[in-house]
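Reading the structure
Read off the chains here:
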Amino acid sequence: MPARLQTLGHLRLLDEGGNDIVFPEKALLILCYLLARGVSNMPRADAASLFWDDANSAAAFANLRQTVSRTQKRQRELDRTYLTFTDTTIALGPEAIESDIDKVRDGAGLSVLAGLLTDDFLKYVRPGNQALSSWIVLQRAAHMALLRSALLDGDAPDGAGTRQARAAAALRLLESNPNDEEVRAVLTGRTAVPASLMTLQPPARVLTPQEADIALPRQNPPRVVLLPPVTTLAARTAARFSEALIEDVTIGLCALRSISIIAPHTAAQISLQADRADTYERHKISYILETRLRDEGDHHTLFAQLIFFGSDEVIWAERFPLSAEGLARSRQMISHQIAGAIATEIERNELVRGDYERDAAAYRSFLVGQVQLKNLDLRDIRRARKSFREALQANGAFAPAIGGLARSYFLEWLVTARGDEDLLRQAERHAEETIRADERLPSGYRELGVVKLYARQFDESVAYLDRAEALSPHYANVIASYADTLVQASRPDVGLKKIEQAIDLNPLPPDEYFWTAAGASYSLGLYQQALDYIARMKDRTPADRLAAASWSMLGDMKKARQFIRRTYDVHPNFDLDSWMAIVPFKEEWQRRHYYDGLKKAGF
């Protein structure tokens, strides 16, 4: 059985057993080029200019010679010859190689093409020059043209498999071109708008990958990805139902011209990425629908939430009960509800989205700062502040970055535990500036509410956080800050419920969520629960004092003193009385309870 070259998605050479053959990437690209062109050889000069720097021929030939040497060495190790080299040419070797690209041809049929073209040609290859970029883009355009022709041909026999292939092909094509009304009509069953009734547009120009990367986001409709449902121990029937449900919603949303939908195959790949934030940014995704299927004894529920990536904000969330006997009957109803809610909330949120995307440089710096701010580490907090300032250098009125500055000053005040009033004043000033810049943005009210809490202005704090929650009732970060205010305002029972709600909306939250939950649990006398929440933090250092107090209340003085030592290692000048003077508990019983735990631990 011959080796197989995979060109769609990842570029890989696979052996007879389907295992990766380690091979130089440039050599794989040469193989790919020869097989895609259907030729057996190419001049070395052409290879040098196509795969390396065409503006510097000397460097290109030097790189080619190095690749030839590495390839020959690797082929000797494998005892296989996939490429042969002469002084003037590069040719296919005697070893037979199959390739997925061989099957992408005219007349291949819709089912074959829909199954193959789920990923872009050489999707993860980063072309080093214009010539290679243009060739790759032209190949991708040709593939989409073949898929479109097969879809609109209509000669394929009808059946479940054909209908599935037709839907997959249409979704894939609409992902590439959301304005293709003929493809949309095939998917939705609605009549396409005649070309004569549509606004005349100039012929589309094929963009290189570099040009596509710098295209202004507002030139295209917002991109939406519907991630496959997360399931745990749910029944198989319910799991299959929820997956089919999301496909139904995806197809339903394709009827809308105001948004662009990521195809299900791509969505499934995105769900497997370790760093999703980077993936969303790279694919210019504005909205993410996350769903979780929950097994609740004798029934299941599907939890859905729509997230605006620009602010990491949940703009809509809902639960849907799934009864075992009514799954099929309720599928269409639920899919319509979800699709309708997504369309409504995205349209409502688009004014805000414009503020984020008007200046790409500011937006990018803001996103970098947001990621850095997730860690309760002083160095990351200050790095985030630098990123927010870079965003404001690009756009001085960018309200989200001003809110980020406010957050960074507050977190530095919290982490350093020195009671530095200047940091709180800076946080307050930037929070007020955020509200002046954009009164629709919940983060400004959130930050001002947090500052008012630590200034012991509890009523003002609650009022500002009420306003933030009213503006964005599903925004987990706002709810978490509200929970913290309630805990400090001596209402830990209500605060604990609210932070649990925030964790439910944001199942992989930043450490401060668990810190708030631990503080609420301690105030309620649930010391082991407090320690359990602290254990869920990635960086537990900020909660060392609370851990020491919890262990002392449980009677384990040895462990309590371990956390005392850790506290003094980080903050050698820590003073208990000075710290308690700035902890903003509203009622004395809560302050005394915390003080007693810390004193008992040995502070």
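For the structure itself, consult the block above.
Report on the accompanying structure. Every value quoted in this text rests on a predicted model; they were computed, and no experiment measured them.

**Overview of the overall build of the protein chain**
When its secondary structure is counted, the protein chain shows 26 helices and 12 strands. The buried share among the 603 residues of the protein chain stands at 52%. At a minimum sequence separation of 6, the contacts of the protein chain that also span at least 24 residues come to 61%. With the model as given, the accessible surface of the protein chain reaches about 28,700 Å², and the carbon-plus-sulfur share is 50%.

**Examining empty space enclosed by the protein**
Here the structure, examined in full by the defined rule, presents five cavities of 30 Å³ or more. In terms of lining residues, the largest cavity is bounded by 30 residues, among which Leu 414, Tyr 454, Asp 484, Gln 488 and Trp 515 are the most central. Elements supplying a minimum of two residues to the lining of the largest cavity: helix 15 (399-416), helix 17 (442-454), helix 19 (476-488), helix 21 (511-523) and helix 23 (544-553). Element by element, the count of residues in the lining of the largest cavity is highest for helix 21, at eight residues.

**Some thoughts on the side chain of Ser 461**
Here Ser 461 lies in helix 18 (residues 458-471). By relative accessible area, Ser 461 is classed as buried at 0%.

**With respect to the nonpolar core**
Counting residues in each nonpolar core, the largest one holds 87 residues, and the members touching the most others are Val 225, Phe 410, Ile 499 and Tyr 594. Sorting elements by how many residues they give to this core places helix 15 first, with nine residues. Counting residues in hydrophobic clusters, the runner-up holds 58 residues, among them Ala 3, Trp 52, Leu 113 and Ala 169.

**Looking at the pairing of strand 12 (residues 313-322)**
Burial analysis of strand 12 places seven of its 10 residues in the buried class, which makes it a mostly covered element. Sheet topology note: the strand 11 (residues 300-308)/strand 12 ladder contains nine bridges and is antiparallel. The residue of strand 12 that forms the bridge with Ala 304 is Glu 318. What sits between the antiparallel neighbours strand 11 and strand 12 is a turn of four residues, in which Asp 312 has the positive phi angle 55°.

**Quick notes on the sheet that holds strand 6 (residues 97-99)**
Across a sheet, strands are paired by hydrogen bonds formed along the backbone, either parallel or antiparallel in direction. One open sheet holds the three strands; their spatial order is 2-1-6, and the pairing between them is mixed. Each of the sheet's edge strands pairs with one partner strand only, and the pair in question is strand 2 (12-14) and strand 6. The sheet shows a mean angle of 25° between the axes of neighbouring strands, direction not considered. Contacting strand 1 (3-6), strand 2 and strand 6, helix 1 (residues 25-37) crosses the sheet at an angle of about 90° to strand 1.

**Thoughts on the sheet that holds strand 5 (residues 89-92)**
Across the sheet, three strands lie side by side as 3-5-4; this open sheet has antiparallel pairing. Both outer strands of the open sheet, strand 3 (41-43) and strand 4 (83-85), are each paired with one neighbouring strand and no more. Neighbour-to-neighbour, the strand axes of this sheet turn through a mean angle of 20°, independent of strand direction. The sheet contact formed by strand 4 and strand 5 spans three bridges and is antiparallel. The residue bridging Phe 85 from the neighbouring strand is Ile 90, located in strand 5. Sheet strands in contact with helix 1 are strand 3, strand 4 and strand 5, and its direction is about 70° off that of strand 5.

**Observations concerning the environment of Leu 465**
Tracing the chain through its elements places Leu 465 in helix 18. Residues Leu 465 and Arg 446, 19 residues apart in the sequence, show an inter-C-alpha distance of 5.4 Å. Once residues within four sequence positions are removed from consideration, Leu 465 is found in contact with Tyr 445, Arg 446, Gly 449, Val 478, Ser 481, Tyr 482 and Thr 485.

**Let's talk about the packing of aromatic side chains**
Using the criterion set out here, one finds 16 aromatic pairs in the structure. Their ring planes at 85° and their centres at 5.7 Å tell us that Phe 366 and Phe 398 sit as a pair that is edge-to-face. With Phe 366 in helix 13 (residues 360-372) and Phe 398 in the loop between helix 14 (378-394) and helix 15, this pair connects stretches of sequence that are 32 residues apart. What makes Phe 366 buried here is its relative accessible area of 3%. By relative accessible area, Phe 398 is classed as buried at 3%. Ring centres 6.2 Å apart and planes at 25° place the aromatic pair Phe 410 and Trp 413 in the stacked group. Pair noted here: Phe 410 and Trp 413 are both in helix 15, with a separation of three residues, about one helical turn. Here Phe 410 and Trp 413 have matching classes, each one buried. An aromatic cluster of at least three residues, connected via ring pairs, comprises Tyr 33, Phe 51, Trp 52, Phe 121 and Trp 135. Between Lys 26 and the ring centre of Trp 52, over which it is positioned, the NZ or CZ distance is 5.4 Å.

Cut-offs and rules
- Residues numbered from 1 in each chain as written.
- Predicted model: local features only at pLDDT ≥ 70, side-chain atom pairs only at ≥ 80, totals over all residues.
- Heavy atoms only, no water.
- Helix = DSSP H or I, 4+ residues; strand = E, 2+ residues; numbered from the N terminus.
- Buried < 20%, exposed > 50% of the residue type's maximum accessible area, 1.4 Å probe, protein only.
- Contact = heavy atoms within 4.5 Å.
- Areas by Shrake-Rupley, 256 points an atom, 1.4 Å probe, with all protein chains shown as cover.
- 1 Å grid on protein atoms, 1.4 Å probe; cavity = no way out; pocket = protein on both sides within 12 Å on 5 of 7 lines; lining within 4 Å.
- Points joined across faces, edges and corners; volume = space filled by probe spheres on them.
- Core = buried A, V, L, I, M, F, W, Y, C linked by side-chain atoms within 4.5 Å.
- Pairing = 2+ DSSP bridges.
- Axes fitted to C-alpha atoms, helices over the stretch in contact; angles between N-to-C directions.
- Phe/Tyr/Trp six-rings, centres within 6.5 Å; stacked < 30°, edge-to-face > 60°.
- Lys NZ or Arg CZ within 6 Å of the ring centre and 35° of its normal.

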